[in-house]
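Listed below, chain by chain, are the residues.
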Amino acid sequence: MNGDRTMFDLSGRKALVTGASGGIGEEIARALHAQGAIVGLHGTRVEKLETLASELGERVHIFPANLADRAEVKALGEKAEAELGGVDILVNNAGITKDGLFVRMSDDDWDAVLEVNLTSVFRLTRELTHPMMRRRFGRIINITSIVGVTGNPGQANYCASKAGMIGFSKSLAQEIATRNVTVNCVAPGFIESAMTGKLNDKQKETIMGAIPMKRMGTGAEVASAVVYLASTEAGYMTGQTLHVNGGMAMI
Amino acid sequence: MSDIAERVKKIVIDHLGVDADKVSEGASFIDDLGADSLDTVELVMAFEEEFGVEIPDDAADSILTVGDAVKFIEKAQA
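Rules used throughout
Residues numbered from 1 in each chain as written. Chains lettered and ligands numbered in written order. Predicted model: local features only at pLDDT ≥ 70, side-chain atom pairs only at ≥ 80, totals over all residues. Heavy atoms only, no water. UniProt positions renumbered as here; feature names shortened; annotations may be inferred. Axes fitted to C-alpha atoms, helices over the stretch in contact; angles between N-to-C directions. Helix = DSSP H or I, 4+ residues; strand = E, 2+ residues; numbered from the N terminus. Parallel < 35°, antiparallel > 145°, perpendicular 65-115°, else oblique. Left-handed = near helix turned anticlockwise from the far one by under 90°. Contact = heavy atoms within 4.5 Å. Nonpolar A, V, L, I, M, F, W, Y, C, P; charged D, E, K, R; others polar. Core = buried A, V, L, I, M, F, W, Y, C linked by side-chain atoms within 4.5 Å. Buried < 20%, exposed > 50% of the residue type's maximum accessible area, 1.4 Å probe, protein only.

As annotated in an unreviewed UniProt entry, chain B carries the name Acyl carrier protein and is attributed to Mycoplana azooxidifex. Heading Function (unreviewed entry) of the UniProt record for chain B holds this comment: "Carrier of the growing fatty acid chain in fatty acid biosynthesis." If you open the UniProt record of chain B and go to Sequence similarities (unreviewed entry), you find "Belongs to the acyl carrier protein (ACP) family."

Under an unreviewed UniProt entry, the name given to chain A is 3-oxoacyl-[acyl-carrier-protein] reductase, and the organism recorded is Rhizobium subbaraonis. Of chain A, the UniProt comment under Catalytic activity (unreviewed entry) reads exactly: "a (3R)-hydroxyacyl-[ACP] + NADP(+) = a 3-oxoacyl-[ACP] + NADPH + H(+)". What UniProt records for chain A under Pathway (unreviewed entry) is the sentence "Lipid metabolism; fatty acid biosynthesis."

Printed below as a string of structure tokens:
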């Protein structure tokens with residue numbers, strides 16, 4: 001710490017969070033904003049973004065875009081870079097699922113998940129990396145998942161996209177480390193969200209049995225890991241994956 | 001020096017933070033001006049932007065000196 005700066009202070013930093021209209025993304029946006037960052041909220045549901053923006057008040061911009069559309073992904077990067085005056089922190093959080101047992105998985109379900117969860121990350125990150133390199137500062141934080149490491153029946157497409165994200169992050173981290181741009185992942189386990197809210201009691205019980213903490217995590221607990229990786233203090237962390245999973249997998 | 005050469009020189013000075021007198025036509029980005037491989041990619045991108053030309057990867061690989069860059073751009077714009 002130097003002077004009156006507190007630890008993990010993000011004042012003056014500009015962050016773009018994709019998927020900020022969803023549970024975890026919303027908490028990430030809140031947490032970065034609470035640390036003083038100027039936050040760009042990307043999402044597909046405009047009303048949800050507007051509600052969150054009005055709750056946060058100042059230092060907020062909204063960027064609706066469909067990540068399944070490659071032209072929109074490029075435009076999102078350009079718009080965020082211009083409107084925020086340079087993106088210092090990119091949080092690739094947006095993701096979708098199209099679950100189904102592998103032998104019955106359609107090409108469409110495979111393609112849709114890979115396109116949104118992985119290809120859009122590649123394209124958006126490519127758009128924003130070069131300016132970060134030029135400024136000699138950047139934080140790229142990719143929200144992967146525990147299942148990207150452990151696998152999960154019924155989610156071959158989703159797990160492939162999340163594992164892909166980890167390999168992508170490690171490669172990029174090595175290429176741009178000398179430019180003071182770090183690339184890391186956060187891998188949540190079971191987190192209270194609309195997605196896990198759909199589970200029935202029996203499914204929940206099975207899951208709890210596998211979690212040493214005997215509870216689901218919260219979006220805020222995931223967001224804390226993101227705040228750390230986004231901070232100046234995390235300057236020597238790159239190519240890593242932080243697992244936030246209540247001990248469900250110790251990797 | 002031609003206008004193109006001056007503009008190339010300016011980009012190299014700005015990007016690599018080197019003294020103007022070191023940026024001679026024969027200066028090698030990597031051997032003489034301290035660039036790393038990422039710098040050379042960034043320089044090529046900066047040239048593309050400044051001059052509105054496309055520099056394909058195989059051509060970029062042969063641009064090793066300030067003079068190489070000037071020659072390529074002059075040819076591309078001719």
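Once the structure has been displayed, the description carries forward.
A. Layout of the packing of helix 1 (residues 23-34) of chain A against helix 2 (residues 46-56) of chain A. All names here are of chain A. Orientation of helix 1 relative to helix 2, taken along the N-to-C sense of each, is 25°, at an axis distance of 11 Å. In terms of orientation, helix 1 lies roughly parallel with respect to helix 2. Between helix 1 and helix 2 lies a crossing of right-handed hand. Judged by residue contacts, Glu26, Ala29, Arg30 and His33 of helix 1 engage Lys48, Leu52, Glu55 and Leu56 from helix 2. Tallied by class, the residues present in the contact of helix 1 with helix 2 amount to 3 nonpolar, 1 polar and 4 charged.

B. Spotlight on the packing of helix 1 of chain A against helix 9 (residues 219-230) of chain A. All names here are of chain A. Here helix 1 crosses helix 9 at 50°, and the two axes come no closer than 8 Å. Judged on the interaxial angle alone, helix 9 and helix 1 are oblique. Classified by chirality, the crossing of helix 9 by helix 1 is right-handed. The residues of helix 9 that touch helix 1, namely those facing Ile24, Glu27, Ile28, Ala31 and Leu32, are Gly219, Ala220, Val222, Ala223, Val226, Val227 and Ala230.

C. Examining the nonpolar core more closely. If you look at the biggest cluster of nonpolar residues, it comprises 30 residues, and the most contacted ones within it are Ile28, Leu32, Leu41, Val91 and Ile141 of chain A. Secondary-structure elements contributing two or more residues to this core are strand 1 (14-17), helix 1, strand 2 (38-43), helix 2, strand 4 (89-92), strand 5 (138-143) and helix 9 of chain A. Per element, the largest residue contribution to this core is 7 residues, and it comes from helix 9 of chain A. Those residues within four positions of Leu41 of chain A in sequence are excluded, and the remaining contacts are Val17, Ala20, Ala29, Leu49, Leu52, Ala53, Val60, His61, Ile62 and Phe63 of chain A. Ranked by size, the runner-up nonpolar core spans 25 residues in total, among them Ile11, Ala27, Leu33 and Ala60 of chain B.

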